[in-house]
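Working through the structure, step by step
Listed below are the residues making up each chain.
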Amino acid sequence: MPNPVTVNTLYQMKQNREKIVAITAYDYMFAKLIDESGVHIILVGDSLGNVIQGGANTLAVTMDEMIYHTRIVSRGVRHGMVIGDMPFMSYQASIKTAMINAGRFVKEAGASAVKLEGGASVCHIIQAISDIGIPVQAHIGLTPQSIHKMGGYKVQRDEKRLIEDAIEVEKAGAFSVVLEGIPSDIADKITRSIHIPTIGIGAGPCCDGQILVMHDLLGLNTGYLPKFVKQYEQFSDRAKQAFKNYFEEVQQGKFPSNEHCY
Ligand code: KIV
């Protein structure tokens, strides 16, 4: 297994034009499988509010829930960088709260960086967390924690503002920035305007790296799928079939058979 991924690895990859690969994870077993596949960043996303908790959005996710999931993910990871996603209202109200909560991801959950949503308006928070030695990944464009302000999950097209946001978060000390729901040409301009790596989701191929939600990538998600999702598997069908087979074998008395008995 190669050396653990650090912020320096990611800067170097941007310079070498080597694509950064990121996936979300929420538990030990999947984190281990993802890590063993060589992925560089494992984000414990607050998207767990949707894919683990079944919520309509991410707003109800708490710090304690994020700490729990980040801790069990960290146990499965040896190589990738584990990033803990700061949930809604864990960093917005005051710099002090933001620093304490960012610290919890590192002290209690084994993360080596945190992510938070917002551009120029949260730069004071990015700076404060970064100044205490915790790397911060920013997240601009479509920011799900602002769903009510955006009026839904909408592609963000204000080029001037998006480029300014990216430049400001870099100045504030962010080591990377997620670009979500942004037209490809704008994401390309942003990627070429800053020195820190951009990680795209629904932001086209020119970003320095890509991230997908694990459940989307594996085809575990049977609900609405945004255009940017590519399903590399159809695990929902395969899992349902396995459950049906087990159901039938138990009912027919075929399982357990001799080989499964003591
Ligand atoms: O919460 C999440 O999983 C995210 C990624 C989709 C970037 O923020």
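Computed from a prediction, not measured in an experiment: that's the story for all the values here.

Of all hydrophobic cores here, the largest spans 55 residues; its most connected members are Leu116, Ile126, Ile129, Leu179 and Ile190. Ranked by the residues each element gives to this core, the list is headed by helix 8 (residues 159-172), at five residues. Those residues in contact with Ile126 that lie beyond four places of it in its chain are Leu116, Val136, Ala138, Val169, Ala172, Gly173 and Ala174. With 15 residues, the next largest nonpolar core counts Met13, Leu43, Ala113 and Phe175 among its residues.

Read once around its circumference, the closed barrel built from eight strands follows the order 1-2-3-4-5-6-7-8, with strand pairing classed as parallel. Averaged over all adjacent pairs, the angle separating strand axes in this sheet is 25°, with direction ignored. Pairing geometry for strand 1 (residues 20-24) and strand 8 (residues 209-212), over four bridges, is parallel. The partner of Ala22 across the bridge, within strand 8, is Ile211.

Below, the discussion takes up the pairing of strand 5 (residues 136-141). Among the six residues of strand 5, six are classified as buried, and the element is accordingly described as predominantly covered. Burial along strand 5 is two-sided: the residues Val136, Ala138 and Ile140 and Gln137, His139 and Gly141 are all buried. The β-α-β motif built from strand 4 (residues 113-117), the intervening helix 6 (residues 123-131) and the parallel element strand 5 has right-handed crossover chirality. Of the pairings in the sheet, the one linking strand 5 to strand 6 (residues 176-180) comprises five bridges and is parallel in character.

As enumerated under the stated definition, the model contains eleven salt bridges in all. The salt bridge involving Glu108 is made with Arg104; its shortest N-O contact spans 2.9 Å. Ionic pairing is found between Lys189 and Glu159, a salt bridge with its closest N-O pair at 3.0 Å. A residue pair is termed long-range when its members are at least 10 positions apart, and Lys189 in helix 9 (residues 184-193) and Glu159 in helix 8 qualify at 30 residues. Looking at Lys189, the relative accessible area reads 34%, which means it is partly exposed. Judged by its relative accessible area of 29%, Glu159 is partly exposed.

Helix length check: helix 8 (14 residues) gives 20 Å between terminal C-alpha atoms against 20 Å at 1.5 Å per residue, within 8%. Of all the positions in helix 8, only Leu162, Ile163, Asp165, Ala166, Val169, Glu170 and Ala172 are classed as buried. Check the buried side of helix 8 and you find it contacts helix 6, strand 5, strand 6 and helix 9. Two residues or fewer past helix 8, Gly173 is found with a positive phi of approximately 115°.

Looking at the ligand, the residues that line it are Thr24, Leu43, Gly45, Asp46, Ser47, Asp85, Lys115, His139, Val178 and Ile201. At 3.0 Å, a side-chain N or O of Lys115 approaches an oxygen atom of the ligand. Relative to its unbound accessible area of 260 Å², the ligand is 95% covered by the protein chains. Looking at side-chain class alone, the shell around the ligand contains three nonpolar, four polar and three charged residues.

Following the criterion strictly, the structure yields one aromatic pair and no others. Ring plane angle 65° and centroid distance 6.0 Å describe the contact between Tyr246 and Phe255, whose orientation is recorded as edge-to-face. Overall, Tyr246 belongs to the exposed group, its relative accessible area being 52%.

Attention now goes to the layout of surface pockets. A volume near 1,000 Å³ is recorded for the largest pocket. For the largest pocket, the lining is made up of 41 residues, of which Glu180, Ile201, Asp216, Pro226 and Phe228 are closest to its centre. If you list the elements that add at least two residues to the lining of the largest pocket, you get helix 3 (48-51), strand 4, strand 6, strand 8 and helix 10 (214-217). Taken together, the residues that form the lining of the largest pocket break down as 19 nonpolar, 13 polar and nine charged.

Conventions we followed
Residues numbered from 1 in each chain as written. Predicted model: local features only at pLDDT ≥ 70, side-chain atom pairs only at ≥ 80, totals over all residues. Heavy atoms only, no water. Core = buried A, V, L, I, M, F, W, Y, C linked by side-chain atoms within 4.5 Å. Buried < 20%, exposed > 50% of the residue type's maximum accessible area, 1.4 Å probe, protein only. Helix = DSSP H or I, 4+ residues; strand = E, 2+ residues; numbered from the N terminus. Contact = heavy atoms within 4.5 Å. Pairing = 2+ DSSP bridges. Axes fitted to C-alpha atoms, helices over the stretch in contact; angles between N-to-C directions. Right-handed = clockwise from strand over helix to strand, strands pointing away. Salt bridge = Lys/Arg side-chain N within 4 Å of Asp/Glu carboxyl O. Expected span 1.5 Å × (residues − 1). Near = heavy atom within 4 Å. Polar contact = N/O pair within 3.5 Å; in protein donor to acceptor, adjacent residues only side chain to side chain. Areas by Shrake-Rupley, 256 points an atom, 1.4 Å probe, with all protein chains shown as cover. Nonpolar A, V, L, I, M, F, W, Y, C, P; charged D, E, K, R; others polar. Phe/Tyr/Trp six-rings, centres within 6.5 Å; stacked < 30°, edge-to-face > 60°. 1 Å grid on protein atoms, 1.4 Å probe; cavity = no way out; pocket = protein on both sides within 12 Å on 5 of 7 lines; lining within 4 Å. Points joined across faces, edges and corners; volume = space filled by probe spheres on them.

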